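Chain by chain, the residues run as shown.
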Amino acid sequence: MATEKRIALILTGRQFEGEADAAISPGMACVLSADGNYDPWGGSANGENDEVLIALEDALQAKTIDDAYADGDQLFMCAPLPGDVVLVLVKDGESVAVGDKLIRENNSNSGLYIKTTGSPETEDFKALEACAPSGSNKLCKARRI
């Protein structure tokens, strides 16, 4: 399990902000919704490859990686590039080993990551540590691929 205090550990990609359209926790995958705000990623239509956006902690408000955003909050995000290292939120019940590839959970609107279980179109990250959340979702260190 990750012991770091920040979501973006090695980041060459861009950081930006927008308005949260739902409850979003740091480490979740986010997506721009039709109203111009950001939701937890919940799947793509027709197999589209959505951009990878990860919610960051709100350090400007003295919040940590454990503090979630509420609907209407100003949301800080990053768009990690290949090679960047971030913490991603892994779904409760998953069992991730070092080197496992992680994908966004499809059709759930959760913004959570799960271990690859077949031949997905896109794999966003490779796990850099073992992670087996039990009882709640957990942050896991991963490299963008």
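Structure: above.
Residues numbered from 1 in each chain as written. Predicted model: local features only at pLDDT ≥ 70, side-chain atom pairs only at ≥ 80, totals over all residues. Heavy atoms only, no water.

Trainee: Got a minute to help me understand the overall build of the protein chain in this structure?
Mentor: Regarding its fold elements, the protein chain presents zero helices and eleven strands. Listing every helix and strand of the protein chain by position from the N terminus yields β-β-β-β-β-β-β-β-β-β-β. Dimensions along the principal axes, computed over C-alpha positions, put the protein chain at roughly 35 × 35 × 30 Å. Counting the 145 residues in the protein chain, one finds 45% classified as buried. (Helix = DSSP H or I, 4+ residues; strand = E, 2+ residues; numbered from the N terminus. Buried < 20%, exposed > 50% of the residue type's maximum accessible area, 1.4 Å probe, protein only.)

Trainee: Which parts of the structure should I look at to understand the pattern of salt bridges?
Mentor: Two side chains bearing opposite charge may form a pair once their charged atoms approach each other closely. Enumeration over the complete set of coordinates arrives at five salt bridges. With its nearest N and O atoms 3.1 Å apart, the salt bridge here joins Lys 141 to Glu 4. Taken together, the residues span a long stretch of sequence, with Lys 141 in strand 11 (residues 138–144) and Glu 4 in the segment before strand 1 (8–10) at a distance of 137 residues. (Salt bridge = Lys/Arg side-chain N within 4 Å of Asp/Glu carboxyl O.)

Trainee: Teacher, can you tell me more about the nonpolar core here?
Mentor: Burial of nonpolar side chains together is a common tendency in soluble globular proteins. In this structure, Ile 7, Ile 54, Leu 75, Val 88, Leu 102, Tyr 113 and Phe 125 are the most contacted members of the largest nonpolar core, which totals 35 residues. When residues of this core are assigned to their parent elements, the largest contribution, five residues, is made by strand 7 (residues 85–90). Excluding its chain neighbours within four sequence positions, the residues that come into contact with Leu 75 are Phe 16, Glu 17, Gly 18, Glu 19, Ala 20, Ile 24, Cys 30, Tyr 38, Ala 55 and Tyr 69. (Core = buried A, V, L, I, M, F, W, Y, C linked by side-chain atoms within 4.5 Å. Contact = heavy atoms within 4.5 Å.)

Trainee: Is there a simple way to explain the packing of aromatic side chains in this structure?
Mentor: Two aromatic rings, taken as a pair, are described by how far apart their centres are and by the angle between their planes. Overall, the coordinates contain two aromatic pairs when judged by the stated rule. Relative to Tyr 38, the ring of Phe 16 has its centre 6.4 Å away and its plane inclined at 55°; by these criteria the two rings are tilted. Residue Phe 16 is located in strand 2 (residues 14–19), and its partner Tyr 38 is located in strand 4 (residues 38–40); the two are separated by 22 residues in the primary sequence. On the basis of relative accessibility, which here comes to 11%, the residue Tyr 38 falls in the buried class. (Phe/Tyr/Trp six-rings, centres within 6.5 Å; stacked < 30°, edge-to-face > 60°.)

Trainee: Is there a simple way to explain unusual backbone geometry in this structure?
Mentor: Glycine aside, negative phi is the norm for most residues, and most peptide bonds take the trans geometry. Phi at Ala 62 takes a positive value of approximately 60°, unusual for a residue other than glycine. Positionally, Ala 62 belongs in the loop between strand 5 (53–55) and strand 6 (74–79). Take Ala 62: its relative accessible area is 69%, and that puts it in the exposed class.

Trainee: Before we go on, may I ask you to explain the pairing of strand 3 (residues 29–32) in this structure?
Mentor: One face of the sheet, then the other: side chains in a regular strand alternate in exactly this way. The sheet contact formed by strand 3 and strand 5 spans two bridges and is antiparallel. Its bridge partner lying in strand 5, Ala 29 is registered against Ile 54. Counting the residues in the hairpin turn of strand 3 and strand 4 gives five residues, including Gly 36, whose phi is positive at 90°. (Pairing = 2+ DSSP bridges.)

Trainee: What is the right way to look at the side chain of Glu 129 in this model?
Mentor: Structurally, the position occupied by Glu 129 is in the loop between strand 10 (125–127) and strand 11. Within the buried core, Glu 129 has no salt-bridge partner, and the shortest N-O distance to an opposite charge, that of Lys 141, equals 5.3 Å. Here Lys 141 takes part through its backbone nitrogen, which lies 2.8 Å from a polar atom of the side chain of Glu 129. (Lys, Arg positive; Asp, Glu negative; His and termini not counted. Polar contact = N/O pair within 3.5 Å; in protein donor to acceptor, adjacent residues only side chain to side chain.)

Trainee: Any chance you could explain the pairing of strand 8 (residues 101–104) here in plain terms?
Mentor: As paired strands, strand 8 and strand 10 are joined by two bridges and run antiparallel to one another. Within the sheet, the bridge partner assigned to Lys 101 lies in strand 10 and is Lys 126. Bridging between strand 8 and strand 9 (residues 113–115) involves three bridges; their strand directions are antiparallel. For Arg 104, the partnering residue across the bridge sits in strand 9 and is Tyr 113.

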